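# Residue-level structural notes
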Amino acid sequence: MGCSESKNIVEPSLDAAPEEKEKTAAKEQEKKTEIVPITSKNAKSQTDELPENFPIEAKVKIVQSKDVQTQESSHKHGTIDGDYQLALKLQEEDYSQLDRMETRDLIQISNPGRRDTPEIEAPVEKKDHYPSLEEPAGVRKMYLAQGFKDYHIEALFRHNFYRAFHPGTKSLTLSMMLCDQAQASADQQAEMNVMGHVTERKGAGENLHFCHYEYYAKSPSKMTVGGTDRFYGEVTDFLKGFNHETKMPDKSTFLKWGHYSQLIWKDTFEMGVGFAKFTDPIKAGYPMIVTYRYRSHGNFNDQYPTKCSLPQKSLSEIKEIINQWQERRVNAIIDDEEALDSKFRRHGIQEWQIDAWRHFNGIRYSQGLPPVMLDVDLCVQCCTNDGKGYWSMWTTASLEGKSLDRFVQDYFTNQAKEIFKQEADLAFTSFGLAVEIQPRKTELRCRFSN
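Residues numbered from 1 in each chain as written. Predicted model: local features only at pLDDT ≥ 70, side-chain atom pairs only at ≥ 80, totals over all residues. Heavy atoms only, no water.

For the chain, an unreviewed UniProt entry supplies the name Oidioi.mRNA.OKI2018_I69.PAR.g9021.t1.cds and the organism Oikopleura dioica.

Here's what the structure looks like:
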């Protein structure tokens, strides 16, 4: 009894174990299969040939191989075997897992030369988004309903604007308890006519700002924001002595930057603010005190390396963001007749004052300076010659046939350099003006404030 010789067919012996039979059958099946991705061009034809109980979401297809050598080569790199077994295992155990897996985790291409190999998309470059001074929607209304004042809210907004430039530094919230403490501290210091951290702080941090009320056009909001701006301005001194190896500032100059480090302290999560007028401004040295309270307090136990992250923008760049925001805000009012009516004309502001405002801001634009806001209270002060502006200027001359508009505009054009010279230190944000016309002369009065 004879038999033909075969070198390519493997016949297991009759006494082989069942497990070996199953392994051999599996290997024969693997040689006839490959896994390819479903592309937009062949998706329909491929999915039609899938087994009925095989999920389409797997994006795989079992097809007959046309090139045994290619498959054997792929087997050597382990690309088909592992993916095929993974697909079958997921099919048998839990189809739902396929929905949670990305295709690249399930399939590797057996033939890298295929033209339908999906291309890997380049990662989308993320653009830097820096903080804005635009008011968060609904936040002011929420705080007003809780009993906070506008000057509390404005101070909070400006604090959070600056803190947002420091990685890992979260926004603050307002605390009525801290506002009450800050107000009590301001009242107590104003009564004693002393300047310093002399009141009980109850574990809270504290920053103090001393100023002239008129400098901020008698606006509490401008005053609390102005103090915040001054605190952050200390970043220059903080960075001047900063050691980039130890991540520590120069503690010998702490008095020059301690307000800044409290403002950006990472562990601080809430704040409050209050202000008061000294009973004896001459003795105190300033008319007003603004007190800020913080919890948790900063400047603690030399923790600056972990609690004070460095800013992502320079001080000049941050100021430019503020200037651009102020420019948009002012221009929106100037260009809106309804806003001019509601904010100015109904309070007695005349057209020549609005025109002078536009002209003055035009000069400022040409010098790269931000616009200033026309302030009704300052206009009233100029008109009545009552009160003291932080910086004033006036002129007395004859109109000499000029219109009032031309007289005022010529004056601003001629005096612009002097105004800008003062502004280098004072940083004006608002101004007011008024005229007194007499038979032979006209007196123009102007006042500027932060």
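Quick look at the side chain of Gln181 now. Within the secondary structure, Gln181 sits in helix H9 (residues 176-192). Here Gln181 falls in the buried class, since its relative accessible area comes to 15%. Beyond its immediate sequence surroundings of up to four residues, Gln181 is in contact with Arg201, Lys202, Ala204 and Arg293. (Helix = DSSP H or I, 4+ residues; strand = E, 2+ residues; numbered from the N terminus. Buried < 20%, exposed > 50% of the residue type's maximum accessible area, 1.4 Å probe, protein only. Contact = heavy atoms within 4.5 Å.)

Turning next to the nonpolar core. The biggest cluster of nonpolar side chains holds 40 residues, and the ones touching the most others in it are Phe161, Tyr162, Leu174, Tyr232, Met271, Val290 and Tyr292. When residues of this core are traced back to their parent elements, those giving at least two are helix H8 (150-163), helix H10 (220-232), helix H11 (235-240), helix H12 (254-263), strand S5 (270-277), strand S6 (288-295) and helix H15 (315-334). With 7 residues, H8 is the largest single contributor of residues to this core. Apart from residues lying up to four places away in sequence, Phe161 is in contact with Pro131, Ser132, Leu133, Ile318, Ile321 and Ile322. Grouped together as the second largest cluster of nonpolar side chains are 34 residues, Ile333, Leu340, Val408 and Val435 included. (Core = buried A, V, L, I, M, F, W, Y, C linked by side-chain atoms within 4.5 Å.)

Summing up the model confidence of the chain, the mean pLDDT is 75 and the portion of residues at 70 or higher is 67%. The model gives residues 56-80 a pLDDT under 50, and that stretch makes 54 contacts with residues more than four places away or in other chains. Long-range and interchain partners of residues 93-120, a stretch whose pLDDT sits below 50, account for 42 contacts in this model, where long-range means more than four residues apart. (pLDDT = per-residue confidence, 0-100.)

Our next topic: H15. Here H15 contains 20 residues, and its C-alpha end-to-end distance of 28 Å stays within 8% of the 28 Å for a straight helix at 1.5 Å per residue. When we look at burial in H15, the residues that qualify are Leu315, Ile318, Ile322, Trp325, Gln326, Val330, Ile333 and Ile334. Elements that come into contact with the buried residues of H15 comprise H8, H10, H11, helix H16 (337-343), helix H17 (351-366) and strand S7 (373-374). (Expected span 1.5 Å × (residues − 1).)

This brings us to the pairing of strand S4 (residues 205-211). Most of S4 is tucked away: 6 of the 7 residues are buried. Bridge count for S4 against S6 is 7 bridges, and the pairing is antiparallel. By the bridge assignment for S6, Phe210 is matched with Ile289. (Pairing = 2+ DSSP bridges.)

Scanning all chains against the criterion turns up 17 salt bridges. Note that Arg158 and Asp229 form a salt bridge whose closest N and O atoms lie 2.8 Å from each other. With a gap of 71 residues between them, Arg158 in helix H8 and Asp229 in helix H10 connect regions that are remote in the sequence. For Arg158, a relative accessible area of 9% puts it in the buried group. Taking the relative accessible area as the measure of exposure, Asp229 reaches 27% and is therefore partly exposed. (Salt bridge = Lys/Arg side-chain N within 4 Å of Asp/Glu carboxyl O.)

Bringing unusual backbone geometry into the picture now. Here Arg295 and Ser296 are connected by a cis peptide whose omega angle stands at -5 degrees. Note on placement: Ser296 falls in the loop between S6 and helix H14 (304-307). At Lys202, a residue that is not glycine, the phi angle is positive and equals roughly 55 degrees. With respect to the helices, strands and loops of the structure, Lys202 is situated in the loop between H9 and S4.

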